[in-house]
Amino acid sequence: MNAERQDSRSSFMSLLSRHRGDSLDEANPSISSIREEAGSGSPRPESFHSAVDLQEYSKYHVLIHLRQGQDLPAKDSCGTSDPYIKFLYGGKMVHKSKTIYKDLNPFWDENFNIMVDDLNHPVELKVYDYDWGLRDDYIGQASIYLKSLPCNESQDLVLTLHDSGQSMYLGQISLNVKLVPILPDVLPTSSSSSTPHHHHHHSFTHSPVRGLELAARKLKPGTWTAIVNIFLVEGRGLLAMDIE
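Because the structure is a prediction, the values reported are computed rather than measured.

Thresholds applied
Residues numbered from 1 in each chain as written. Predicted model: local features only at pLDDT ≥ 70, side-chain atom pairs only at ≥ 80, totals over all residues. Heavy atoms only, no water. Helix = DSSP H or I, 4+ residues; strand = E, 2+ residues; numbered from the N terminus. Buried < 20%, exposed > 50% of the residue type's maximum accessible area, 1.4 Å probe, protein only. Contact = heavy atoms within 4.5 Å. Areas by Shrake-Rupley, 256 points an atom, 1.4 Å probe, with all protein chains shown as cover. Pairing = 2+ DSSP bridges. Axes fitted to C-alpha atoms, helices over the stretch in contact; angles between N-to-C directions. Polar contact = N/O pair within 3.5 Å; in protein donor to acceptor, adjacent residues only side chain to side chain. Salt bridge = Lys/Arg side-chain N within 4 Å of Asp/Glu carboxyl O.

Points about the overall build of the protein chain
Helices and strands together make up the secondary structure of the protein chain, namely 4 helices and 8 strands. Mapped from its N terminus to its C terminus, the protein chain presents α and β elements in the order α-α-α-β-β-β-β-β-β-β-β-α. Counting every position in the protein chain, which comprises 244 residues, the buried fraction comes to 34%. Considering only contacts in the protein chain between residues 6 or more positions apart, those separated by 24 or more positions represent 64%. Surface summary for the protein chain: the accessible area is close to 15800 Å², and the carbon and sulfur share equals 52%.

Structure, rendered in structure tokens:
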């Protein structure tokens, strides 16, 4: 377990260094990172999704692997913190991580998923320091912008925490996120009333299987892996196994 924790910390530090080298200003890396995350004059990440994409799916799964935090500020008098994270979507809490006691570089290693219906709303992270019997101290926050995530691809993210109206460096959170669209149910299309039908088994223009096939053709390559629908109709030539 210690070896796995060490390996995870090493990979996190590598990812953290790369992230800082790409996005932070050499003169003052802390302040530059805060401004980028807080959006003070900087545009949000470019969207991977067109208006057609947003209309094609009504719901998505967001698979999240919360890894660890780095450089969190000390909120307790003993020089440490007991951090945990609340994940919010649409103003409601959708997940709460476990609390890691007395650690400014907490290691969570938690996997969970949430269902969303609007990629325009980000998933918000709010980090707190747990205080026994008292009000928990607020540490900082960050956001996952869902429109910037490609479908069905895992993305490693390092989010810099910030506090509204402040430019103080508050640490970073490492996680992996995957956005998975949920294929809408395809119902058979009813026939037009103006077209006469003489047979009851032709009451639909397309069978359910045909409807699924047409829906699959509308999907862009790479946005899905496979669709399997099985309709059990009848059995023939079965062997008799009962005495009677």
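Description of unusual backbone geometry
A positive phi angle, near 50°, is found at Lys 102, a position not held by glycine. Here Lys 102 lies in the loop between strand 3 (92–96) and strand 4 (107–116). Residue Lys 102 is classed as exposed on the basis of its relative accessible area, which comes to 58%. Unusually for a residue other than glycine, Asn 152 sits at a positive phi of about 60°. By secondary structure assignment, the location of Asn 152 is in the loop between strand 6 (137–144) and strand 7 (155–160).

Description of the pairing of strand 5 (residues 123–129)
Counting buried positions over the 7 residues of strand 5 gives 5, a clear majority of the element. Sheet topology places strand 2 (residues 83–89) next to strand 5; 7 bridges connect them, and they run antiparallel. In the strand pairing of strand 5, Tyr 89 is matched with Val 123.

Topic: the sheet that holds strand 3
If you walk across this open sheet you meet the 4 strands as 3-2-5-6, and the pairing is antiparallel. Each edge of the open sheet carries a strand with a single partner, namely strand 3 and strand 6. Pairs of neighbouring strands in the sheet enclose a mean axial angle of 30°, with direction left out of account.

Quick word on the environment of Asn 176
Within the secondary structure, Asn 176 sits in strand 8 (residues 172–181). In this structure Asn 176 comes out as buried when scored by relative accessible area, which is 14%. Along the primary structure Asn 176 and Ser 154 are separated by 22 residues, whereas in three dimensions their C-alpha atoms are 6.5 Å apart. Beyond its immediate sequence surroundings of up to four residues, Asn 176 is in contact with Leu 63, Ile 64, His 65, Arg 67, Ser 154, Gln 155 and Asp 156. Side chain to side chain, Asn 176 and Asp 156 meet in a polar contact 2.9 Å long.

Quick notes on the pattern of salt bridges
Taken as a whole and judged by the stated rule, the model has 1 salt bridge. Note that Asp 156 is salt-bridged to Arg 67, the shortest N-O span being 2.9 Å. Highlighted residues: Asp 156 in strand 7 and Arg 67 in strand 1 (residues 60–70), separated in sequence by 89 residues. Here Arg 67 falls in the partly exposed class, since its relative accessible area comes to 22%.

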